[in-house]
Structure formats: C-alpha cells, structure tokens
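# Geometric and topological summary
Next come the chains, spelled out residue by residue.
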Amino acid sequence: MMNKTIKDLSLEEKIGQLIVFGFDALDLNDHAIDLIKTYKAGNVILFARNVESPKQLFQLNQNLQKLALQTHGIPLFICIDQEGGMVTRIKNGATYFPGAMTLAASQKPKHSYISGMLMGEELKALGINMNLAPSLDVNNNPHNPVIGVRSFGDDVETVSKFGIENIRGLQENVIATAKHFPGHGDTSVDSHLALPKIDKDFDALNALELVPFKRAIEHGVKAIMSSHINFPAITEKGLPTTLSYQCMSGLLRQTLGFSGLIITDCMQMKAIQKDYTTKKGTFMAIQAGVDMVCISHAKDLQVEAINYLKEQVENQQLSVEVIDERVERILAFKDKHIALDLNSTYEDVAGLVENEASKEFTLSVVRDALTLVKGQTITSLDQTLLIASEPISTSIADEDDGKDSIIKSVKKACPSIDTYKVSVGLSDQEIDEVVEKAKDYKQVIFCSYNANIYQNQQRLIKELNKMENPHIIAMRNPYDSYFVKDIKNLVLLYEYTPNSIQVLIEYLKGQIKPQGRCPVSL
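So, here is what we can say about the structure in this document. (Residues numbered from 1 in each chain as written. Predicted model: local features only at pLDDT ≥ 70, side-chain atom pairs only at ≥ 80, totals over all residues. Heavy atoms only, no water.)

Time to look at the sheet that holds strand S3 (residues 77–80). Spatial strand order, S7-S6-S5-S4-S3-S2-S1-S8: eight strands in an open sheet with parallel pairing. For this open sheet the edge positions go to strand S7 (261–264) and strand S8 (293–295), each flanked by a neighbour on one side alone. Judged from the three bridges that link them, strand S1 (residues 19–21) and S8 form a sheet pairing that is parallel. Note on S8: the bridge partner recorded for Val 20 is Cys 294. (Pairing = 2+ DSSP bridges. Helix = DSSP H or I, 4+ residues; strand = E, 2+ residues; numbered from the N terminus.)

Next comes the structure, spelled out in structure tokens:
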C-alpha cells in the first residue's frame, strides 16, 4: 500500500507518525491542514464534534487521507472512541451500538462479537481504521466516575469473555484497542481531572486487572491504550503508567509479550498535564515504550509536543533509534491494515452504514439486557407519574449532547402517563416539589441517571420509596441499589440512548419482560 519505508522519512516525518491529533471541525480546517502539512502529523482522532452525518464523515476522512498522501505519502490512522452506549461519536443516521455493560447484561457473548463485527464494518466503510475500544477495565468500584457501564462488568471472566468477542468482531474490519491498560476499574478519581492511584500489590493486579488484557493479547488484539494511573506495584517514582518504562516496556512488552501498537489516552488530561505538561509527558511516553501519543484537542499543545520531541533528539535526550523502532511498527501496521479507495463515494457504502438490519439487531440486544433486579415489573399505567432528566456528560469521555429525551418520547408514545422533568443534579427544592406532586399518583416511576455521582438522586429515590408503588429505572449505572439498599422495585437499562428509550417504552406498555442479568454485584 505504501511506497515509503522508514529510510525515506525525515526526522520531522518520523516524529509526525508518533502523533495522534484531534481538531474541531466537520471538514479540513486550518488546524488539521497545518498539523498534516507543516508538522507532518500522521494520525487523527475524531470526536462527535467532527461528525454531522455519515456522508459528511465519509467525505472528511477521504479529504484527510488525500491530504496526508499528498503531503508525506503515508496514510493516516483515523481513530475514534466508538465504544457504543454512552460513548458513541457517530450517531445521526448510522447504527447506535449498545455499550459494554448492555452487551454483558444480555448474557450472550455472541452479541458482543456481532456488535463488534457490524461496528467495524460501518467504521471501515466510513473511512475509520482504528477503534479505541473496547474497555477491558473490570469495574469493581461502585464510586468509579468515568468507567461504569463502559465496562462489561465487575467479574474478570465476564469482562474477558465479552471483551475478546468484541475485539474479534471489530478486527474483522478495523484495529481494535483494548483499554485502559492496566485497568481503570477500581478508581474513584477521573483521570481527566486528576491522577488516580491504585495501591494493590502485583499479585492482586495479576489476578484481576491484568487478566482481560492478558487474554486479549493471547487472542491477538492489535492495539492497547495506556491509562494515566499511578500503580506503585508496577510503576516507578509515582509515575502514571503511560510514562512508566517499567510498565509500558517491562510489563506490557516484555512480561506480557505484547507486540502490537501502544497508544496513550489523551495527553491533555489533568493526570498528565498538571504534573508533567503535555509536551514533557509526550517525550516521557515515547521513552517509556509507547508508539503513538494522543493529543486530542489543543493545537498549541500538539505543536509544542512535536517541537519538544525534535529538541530532545537534537539534545541527544531521545535517540533516533528509539523513534525508528516505534515508527517501523506503526508503518508495518499501516501497510497491513489500511486499504484506501479514494475514488469511492458515500453512495458506494451507504448500504453498509444505513443498514436497518444492523439497527434492529442492536435494538434487540438492548431488549435482551433489560434487567429486573428486585421487586415487581410495571403492570399498569393507571394514574402514573414518570420523572426523568435528560442526559448530560458525566465525564469528558461522554460528549453527550442531551438530545435524547425520555420525557419527550414517553409523552408521545404513552400519553396516559403524566411526566415531570428534573435536572440530573437535583436541588433540594426540586426534590421537595417532585415528592409533593408524586403524592397525587398511585404509581411513580423515576428514571435515574448516575445516582452514584449525582447523589441528590439517591435522596429522591429514598423519598419516593416511602410511597405505595414506586419504580426506579436506572438509565445508566446500575449501582442505585448499592447506595439505596431498600429500593422496592428496580429495573436496569445501562444506557440513556435512543435504543434504551425505545425499550423503556416497550416495557412501560407491557410489550416486553426483563430477561437480562446485571453484570455487577449490588
């Protein structure tokens, strides 16, 4: 596919291959053009801000690849965090895939494989060749603010089984990325905001956090993303794993035998930026053994990091041999896994992307995941009040735009139900108003959303639980009954998405019964 080898590349072009940059536009803008043409950046990460429609995204990716080939003759890795569920970047028109915990709650590993396969097929059709998913974090901390339903569960075997099947499906078409190595599941701190610390000994990590990654390596996962977490048992000097030679080269490369691509989580996250800065962190990550450094947003930080790497080579603090070793691996993976057809049009792939069978499959998975944890199902809608919020981004990873609305959908589909919209972070006054209104109804339904984080929702649940017939439907994290032990009736849906809203309506109408199983202990 490529005419260039590492011998043909200048130092600037080699450094560019180590960089994964993001930009804020729906088409090529000055930021993207300058990073590729002037700074020779060799890889891109896309977010929801880059996606308006499948057709627009297809054209954007074509334009990015054309510019890269014209500039340095090497195709781009075009990456995206398309996990499904609450971390979904491509929405309008394409398939809305289920998230990890939804897949696990369906109890069917084959669902995870098919979902990965269909997702990879769509991504490839749209011009994306590397998916920064799935999450292989074992979410065994109910207070976790950033992973939660992005994990397949709190059990090593479940995470491993469903994760490997998802990777197997994805890698029929794109590179899958197991993340966040060596595990972000047992944190109560979001690494977007600060540096978490997991103070377990190696034996404990080896028996839990590392297991899904070891299994994924054995089954041929092509990329692994590092986390920005301090694990004293496997890192030196309090370093985040991303910057640790002991972890990236010693543990991941030498001990676990991983020979694929190592990519970092975003180097603008506070876990890196606060103590190390993005530019120094980029240098330290490359020294530690990382292949590709992700700087997702700010152009000034991307340019600083590129220039800093060049300075370190000139100052003999970073050897060209180290850079060459990383770049040779990147080029080998590009040569093997990127096949471009820059003469194709969106119409050539529209049938793959806008596929009704794929959409029906994903909806069926969410139906299978609907879980009754305790109490009774809803059997009547007589004199019923439904209380719900609209989703908001709980962490930077979410990027939720709040356009999906339970209230609007229920009003349309179930006009006999009265609805009441509340904010996610309920005020005490809101709670008092809701409770007063709820007294006029035989049955009250509250659709909670991350009550483990927005803790006033727990107070509302407790107040509603004093009533005759309260039903709690958790639309994201399933931990509501972990924090509120005496919930009378609890149903789980694991994600606030168009599919889960549709399944919620089917459940309210009595058209379906819960069949799923919760993948975490409550």
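The discussion continues.
One turn of an α-helix holds 3.6 residues; hence residues three or four places apart share an orientation. Between its first and last C-alpha atoms helix H13 (residues 320–337) spans 25 Å; for 18 residues at 1.5 Å apiece the expected length is 26 Å, and the two agree. Considered for burial, the residues of H13 that qualify are Ile 323, Arg 326, Val 327, Arg 329, Ile 330, Leu 331, Phe 333 and Lys 334. (Expected span 1.5 Å × (residues − 1). Buried < 20%, exposed > 50% of the residue type's maximum accessible area, 1.4 Å probe, protein only.)

The next subject is the side chain of Gln 171. The residue Gln 171 is located in the loop between helix H6 (156–170) and strand S5 (175–181) in this model. With relative accessibility at 17%, the residue Gln 171 sits in the buried group. Among the polar contacts listed, one links the side chain of Gln 171 to the backbone oxygen of Gly 220, at a separation of 3.1 Å. Within polar-contact distance, the side chain of Gln 171 engages the backbone nitrogen of Lys 222 at 2.9 Å. Those residues in contact with Gln 171, other than ones at most four positions away along the chain, are Ala 176, Gly 220, Val 221 and Lys 222. (Polar contact = N/O pair within 3.5 Å; in protein donor to acceptor, adjacent residues only side chain to side chain. Contact = heavy atoms within 4.5 Å.)

A few words now on the packing of helix H5 (residues 109–126) against helix H14 (residues 346–353). Interaxial distance between H5 and H14 falls to 9 Å at its minimum, and their mutual angle equals 165°. Comparing the axis directions of H5 and H14 gives the class roughly antiparallel. Between H5 and H14 lies a crossing whose hand is left-handed. Across from Glu 121, Glu 122, Ala 125 and Leu 126 in H5, the residues of H14 making contact are Tyr 346, Val 349, Leu 352 and Val 353. (Axes fitted to C-alpha atoms, helices over the stretch in contact; angles between N-to-C directions. Parallel < 35°, antiparallel > 145°, perpendicular 65-115°, else oblique. Left-handed = near helix turned anticlockwise from the far one by under 90°.)

Attention shifts here to unusual backbone geometry. Residue His 180 is bonded to the preceding Lys 179 through a cis peptide linkage, with omega at 0°. Mapped onto the elements, His 180 comes out in strand S5. Between Phe 181 and the following residue, Pro 182, the backbone shows a cis peptide bond with an omega angle of 0°. Note that Pro 182 resides in the loop between S5 and helix H7 (202–207). The backbone of Lys 40 shows a phi angle near 60°, a positive value even though the residue is not glycine. Among the secondary structure elements, Lys 40 is positioned in the loop between helix H2 (30–37) and strand S2 (43–46). Although it is not a glycine, Gln 107 adopts a positive phi angle of roughly 70°. Relative to the assigned elements, Gln 107 resides in the loop between helix H4 (100–105) and H5.

Geometry only, nothing functional implied.
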